[in-house]
Amino acid sequence: MIGILKTAERANSHSYSNNYVYQRHVFAYKAIPPAAIHNKMVLELGCGEGYGMEMLCGNVTSWTAVDKKRPAQIHFSGNLDFRRCILPDLSAFNDESFDTIICFQVIEHISDDHALMREMKRILRTGGILYLTTPNKRMSLTRNPFHIREYSPVQMAALAAEHFDSPEIRGIFGNQLVMDYYESNKNSVDKILRYDLLHLQYRLPAFMLRGIYSLLNNYNRLLIAKQVPDITSAIHHTDFFLDSHAGNCLDFFLELKKR
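Just so we're clear, the structure is a prediction, and the values are computed from it rather than from any experiment.

## Brief notes about the overall build of the chain
Scanning the chain from terminus to terminus reveals nine helices and eight strands. Against the 2.2 N^0.38 benchmark of 18 Å for 259 residues, the chain shows a C-alpha radius of gyration of 18 Å, consistent with a compact globule. Overall, the chain is about 50 × 35 × 35 Å in size when its C-alpha atoms are taken along their principal axes. Taking all 259 residues of the chain together, the buried fraction comes to 53%. Of the roughly 12,700 Å² of accessible surface on the chain, a fraction of 54% belongs to carbon and sulfur atoms. Distance between charge centroids for the chain: 4 Å, based on 29 positive and 27 negative side chains.

Structure (structure tokens):
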């Protein structure tokens, strides 16, 4: 819980109030085609607590996890490795080292997103695939001070096209259960923002907002969990789906092949 309070990111399964965000992240891992993982050398950037790796690493040749902190609950041995890196610096890896790269909910935190894209392409083998997710700015309910930026559909398409030929961009959407939760969340956030008469969320530097954002974000999730407990706890990763029309998606889901 302390980790969540510090970042408001990387929700896990330990608290059902975070279930919506956790299941949304789980869906992204489940959406990776098995052929992209099976007998492949995989790199995951921003592994967090490592639950994605635990789900998918059974049939890989190797799985290298990268983050600022080593996941406390993961035992790295055999074909599992951990590297501590500060992105976008991936100089620890040689050119064309990996068949598959996973970069979920990371690029919005990186100041030089183009540098990260160049580095990921450099260490990806020809024919290899990068899977990337990031929030859709259109669907964000408020400013997230932990994010350097969020992308509109046009901005996301432009970034991908600058670095990869024929990028495939789909969206992660939710069914009615998910969207009922989203609307409850939106209504709750709107009530909180009524007190921000001076629009400080947009005017103050990010570092000044992170503490209060984390507290209010977690308070809001707990409040919704009490107001609509059946919806909060019932959401499952199967309640999310991919669609080719990404304009109003919750997250962008990119499949970028190095040709």
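Picking up where we left off.
## Observations regarding the packing of aromatic side chains
This structure, assessed with the given rule, holds twelve aromatic pairs. An angle of 70° between the planes, with centres 5.1 Å apart, marks the rings of Tyr22 and Tyr51 as edge-to-face. One end of the pair, Tyr22, is in helix H2 (residues 19-30); the other, Tyr51, is in helix H3 (residues 51-56), with 29 residues separating them in the sequence. Judged by relative accessible area, Tyr22 falls into the buried class, the value being 13%. Consider the rings of Phe104 and Phe253, whose centres lie 6.3 Å apart with planes at 45°: the pair is tilted. Of the two residues, Phe104 is situated in strand S4 (residues 98-104) and Phe253 in strand S8 (residues 251-257); the sequence distance between them amounts to 149 residues. With respect to class, Phe104 is no different from Phe253; both count as buried. In this structure, Lys121 is placed above the aromatic ring of Phe164, and the distance from its NZ or CZ to the ring centre is 5.5 Å.

## So, the pairing of strand S1 (residues 41-45)
Along S1, four of the five residues are buried, which leaves the element largely enclosed by surrounding structure. Sheet topology places S1 next to strand S2 (residues 62-67); five bridges connect them, and they run parallel. By the bridge assignment, Met41 is partnered in S2 with Ser62. As paired elements, S1 and S4 share four bridges and run parallel to each other. Looking at the pairing, Val42 lines up with Thr100 of S4.

## Here's the deal with the nonpolar core
Tyr20, Ile32, Met53, Trp63, Ile102, Phe104 and Phe240 are the most contacted members of the largest nonpolar core, which has 39 residues in total. The dominant element in this core, judged by the number of residues it contributes, is H2, at seven residues. When residues no more than four places from it in sequence are discounted, the contact partners of Phe240 are Tyr20, Gln23, Arg24, Phe27, Ile172, Phe173, Gly174, Val178, Ile235 and Leu250. Ranked by size, the runner-up nonpolar core spans 31 residues in total, among them Val106, Leu124, Ala160 and Cys249.

## Details of the environment of Pro88
Tracing the sequence through the fold places Pro88 in the loop between strand S3 (80-84) and S4. Not counting chain neighbours up to four residues away, the residues in contact with Pro88 comprise Ile110, Asp112, Ala115, Leu116 and Glu119.

## Topic: the state of the cysteines
Scanning the model with the defined rule gives zero disulfides in all. Not part of a disulfide, Cys47 finds its nearest cysteine sulfur in Cys85, a span of 10 Å. Overall, the relative accessible area of 1% leaves Cys47 in the buried class. Among the cysteines around Cys103, which has no disulfide bond, Cys47 carries the closest sulfur, lying 12 Å off.

## Points about unusual backbone geometry
Leave glycine aside and you will find that most residues have negative phi; peptide bonds, for their part, are mostly trans. Omega for the peptide link from Leu87 to Pro88 comes to 15°, which places this bond in the cis form. The backbone of Gln105 sits at a positive phi, close to 55°, despite the residue not being glycine. As for its placement among the helices and strands, Gln105 is situated in the loop between S4 and helix H4 (113-123). Backbone geometry places His199, a non-glycine residue, at a positive phi of 55°. Following the sequence through the fold, His199 ends up in the loop between helix H6 (176-193) and helix H7 (200-203).

## Comments concerning the pattern of salt bridges
One pass over the full model with this rule turns up ten salt bridges. Two residues, Asp81 and Arg83, come together in a salt bridge whose shortest N-O distance is 3.0 Å. According to the relative accessible area criterion, Arg83 is partly exposed, its value standing at 33%. We note a salt bridge from Arg122 to Asp95, for which the minimum N-O separation is 2.7 Å. Placement of Arg122 in helix H4 and of Asp95 in the loop between S3 and S4 is noted, with a sequence separation of 27 residues between them.

Conventions adopted
Residues numbered from 1 in each chain as written. Predicted model: local features only at pLDDT ≥ 70, side-chain atom pairs only at ≥ 80, totals over all residues. Heavy atoms only, no water. Helix = DSSP H or I, 4+ residues; strand = E, 2+ residues; numbered from the N terminus. Rg over C-alpha atoms; globule rule 2.2 N^0.38 Å. Buried < 20%, exposed > 50% of the residue type's maximum accessible area, 1.4 Å probe, protein only. Areas by Shrake-Rupley, 256 points an atom, 1.4 Å probe, with all protein chains shown as cover. Lys, Arg positive; Asp, Glu negative; His and termini not counted. Charge placed at Lys NZ, Arg CZ, Asp CG, Glu CD. Phe/Tyr/Trp six-rings, centres within 6.5 Å; stacked < 30°, edge-to-face > 60°. Lys NZ or Arg CZ within 6 Å of the ring centre and 35° of its normal. Pairing = 2+ DSSP bridges. Core = buried A, V, L, I, M, F, W, Y, C linked by side-chain atoms within 4.5 Å. Contact = heavy atoms within 4.5 Å. Disulfide = S-S within 2.5 Å. Salt bridge = Lys/Arg side-chain N within 4 Å of Asp/Glu carboxyl O.

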